[in-house]
Amino acid sequence: MEQPPKGPDPQQPAGADGGLPHCYRHPGRETGIRCTRCEKPICTDCMVDASVGFQCPDCVRSGSGTGHPPGAGQPRTVVGSVVHAGDPRLVTKILVGLNLAVFAVVSLAPAGESILRDFYLIGGVSAPPYVLLDGVATGEWYRLFTAMFLHEEIWHIAFNMLGLWWLGGPLETALGRARFLALYLLSGLAGSALTYAVAAPNQPSLGASGAIFGLLGATAVLMKRMNYDMRPVIALLVINLIFTFGGSNIAWEAHIGGLVAGALLALALVHAPREKRGLVQYGAFGLVFAAVLVTVLVRTASLTL
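What you see is a predicted model, and the numbers here were worked out from it, not measured in a lab. (Residues numbered from 1 in each chain as written. Predicted model: local features only at pLDDT ≥ 70, side-chain atom pairs only at ≥ 80, totals over all residues. Heavy atoms only, no water.)

J.: Mind showing me how you'd approach empty space enclosed by the protein here?
T.: By rolling a water-sized probe across the atoms, one finds the places where empty space is left. Going through the model one piece at a time under the given rule, you end up with one cavity of 30 Å³ or more. In this structure, the largest cavity occupies an estimated 40 Å³ of space. Together, Leu-121, Ile-122, Gly-123, Thr-195, Tyr-196, Ala-199, Ala-200, Pro-201 and Gln-203 line the largest cavity. A per-class count over the lining of the largest cavity returns six nonpolar, three polar and no charged. (1 Å grid on protein atoms, 1.4 Å probe; cavity = no way out; pocket = protein on both sides within 12 Å on 5 of 7 lines; lining within 4 Å. Points joined across faces, edges and corners; volume = space filled by probe spheres on them. Nonpolar A, V, L, I, M, F, W, Y, C, P; charged D, E, K, R; others polar.)

J.: Would you explain the packing of helix H2 (residues 90–108) against helix H5 (residues 154–175) in this entry?
T.: The geometry of a pair of packed helices is captured by two quantities: the angle between their axes and the separation between those axes. Interaxial distance between H2 and H5 falls to 8 Å at its minimum, and their mutual angle equals 170°. Classified by the angle between their axes, H2 and H5 sit roughly antiparallel to one another. For the pair H2 and H5, contact is made by Leu-90, Val-91, Thr-92, Lys-93, Leu-95, Val-96, Asn-99, Leu-100 and Phe-103 and by Ile-154, Ile-157, Met-161, Leu-164, Trp-165, Gly-168, Gly-169 and Glu-172, respectively. When the residues that make up the contact of H2 with H5 are grouped by side-chain class, the tally is eleven nonpolar, four polar and two charged. (Axes fitted to C-alpha atoms, helices over the stretch in contact; angles between N-to-C directions. Helix = DSSP H or I, 4+ residues; strand = E, 2+ residues; numbered from the N terminus. Parallel < 35°, antiparallel > 145°, perpendicular 65-115°, else oblique. Contact = heavy atoms within 4.5 Å.)

J.: Would you mind showing me how to read the packing of helix H6 (residues 177–198) against helix H10 (residues 277–304) here?
T.: Close contact between H6 and H10 brings their axes to 9 Å; oriented N to C, the two are set at 20°. The pairing of H6 with H10 is recorded here as roughly parallel in orientation. Handedness of the crossing formed by H6 with H10: left-handed. Across the interface between the two elements, Arg-179, Ala-182, Leu-183, Leu-186, Leu-189, Ala-190, Ala-193, Tyr-196 and Ala-197 from H6 touch Gln-281, Tyr-282, Phe-285, Val-288, Phe-289, Val-292, Thr-295, Val-296, Arg-299, Thr-300 and Leu-303 from H10. Along the lines of polarity and charge, the residues of the contact of H6 with H10 split into 15 nonpolar, three polar and two charged. (Left-handed = near helix turned anticlockwise from the far one by under 90°.)

J.: Help me understand the nonpolar core in this model?
T.: Nonpolar side chains in soluble globular proteins generally cluster together in the buried interior. If you look at the biggest cluster of nonpolar residues, it comprises 63 residues, and the most contacted ones within it are Ile-42, Leu-164, Leu-183, Tyr-184 and Leu-215. Looking at this core, the elements with two or more residues in it are H2, H5, H6, helix H7 (209–225), helix H9 (252–271) and H10. It is H7 that provides the largest number of residues to this core, a total of nine residues. For Tyr-184, the residues in contact, after removing those within four places along its chain, are Leu-95, Asn-99, Met-148, Leu-164, Ala-208, Ala-211, Ile-212 and Leu-215. If you look at the next biggest cluster of nonpolar residues, it comprises five residues, including Leu-116, Tyr-120, Ile-122 and Leu-150. (Core = buried A, V, L, I, M, F, W, Y, C linked by side-chain atoms within 4.5 Å. Buried < 20%, exposed > 50% of the residue type's maximum accessible area, 1.4 Å probe, protein only.)

J.: Just to check I follow, could you spell out the layout of surface pockets for this structure?
T.: By volume, the second largest pocket is sized at about 690 Å³. Along its surface, the second largest pocket is lined by 29 residues, and Asp-45, Val-83, His-84, Gly-86 and Pro-88 are the ones closest to its centre. Put simply, the parts of the chain that give the lining of the second largest pocket at least two residues each are helix H1 (57–62) and H5. The biggest single contributor to the lining of the second largest pocket is H5, with five residues. Considered class by class, the residues forming the lining of the second largest pocket number twelve nonpolar, eight polar and nine charged.

J.: Explain the packing of aromatic side chains to me, please; I cannot follow it from the model alone.
T.: Here a ring pair, both rings aromatic, is described through the centre-centre distance and the interplanar angle of the planes. Per the counting criterion, the structure on display carries three aromatic pairs. Above the face of the Tyr-24 ring, Lys-40 is positioned so that its terminal group lies 4.1 Å from the ring centre. (Phe/Tyr/Trp six-rings, centres within 6.5 Å; stacked < 30°, edge-to-face > 60°. Lys NZ or Arg CZ within 6 Å of the ring centre and 35° of its normal.)

J.: Looking at this structure, I do not really get the state of the cysteines. What am I missing?
T.: Structurally, a disulfide amounts to a covalent bond that connects the sulfur atoms of two cysteines. In the structure shown here, the tally under the stated rule is zero disulfides. Cys-46 carries a free sulfur, and the closest cysteine sulfur to it, the one in Cys-23, is 3.7 Å from it. The class of Cys-46 is buried, set by a relative accessible area of 1%. Of the cysteine sulfurs around Cys-59, a residue in no disulfide, the closest is that of Cys-56, at 3.6 Å. Owing to a relative accessible area of 5%, Cys-59 belongs among the buried residues under this scheme. (Disulfide = S-S within 2.5 Å.)

What follows is the structure in structure tokens.
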């Protein structure tokens, strides 16, 4: 069994400098959360939702204080997802790898420019006498999805993948793999839908920014739910919004659409009452998807009628 690196004694209370105790599995992380069974300090990556408060992974594995043998129940996260064994960043790594692989193909393949034209987001390209040739409005709805994995510039994919790595890992651990993936994809689709609805029909758009902003909105909601210091995430959000509206060639619609969708979905995930958790969470995802669908249908009707 792998042992965590040595660091400050997590069992000790806050030091003389007034700092918080450190997570017993991640000595470099301060935390104000403790296991309700053994009272060891635990960070958000380690805490497991319990009937009262949170438990550490050790108590969950051993069944300490539960009255049941180990394995009698599956440990769950703060939003009710099953805690999976293995790599806690599995989905995040797959998403990063997929984006990088697509970028490599587009950059190195002789038909790279053709791939971009065939799969980036564009409402509709018209030609005399004003007949739509290509775009979402002509039935190419797949562009709303495929555009989320396309990047043209190295700086673009670099910033997006750094954001996905920094935000994705903690969120995937807190939300669970399935909910994290659903939030990522639906945030990206919401960003694509708002871009399609507001941007000029012949304006192409591409990138994972909508999905990344969805993760940013979800992170803010989760940090608020855990009573963490909100100043770092607020500062990050403000900086990104300044770049969004102050930079050139940036699809602000994708950023705002993803941000709003991610925050709304996270609100439903972390605040759903335990007895109606599934209904509230699945219902929220269904409503956001319905909003995306209605937005696309209305915009398509305005371009084709």
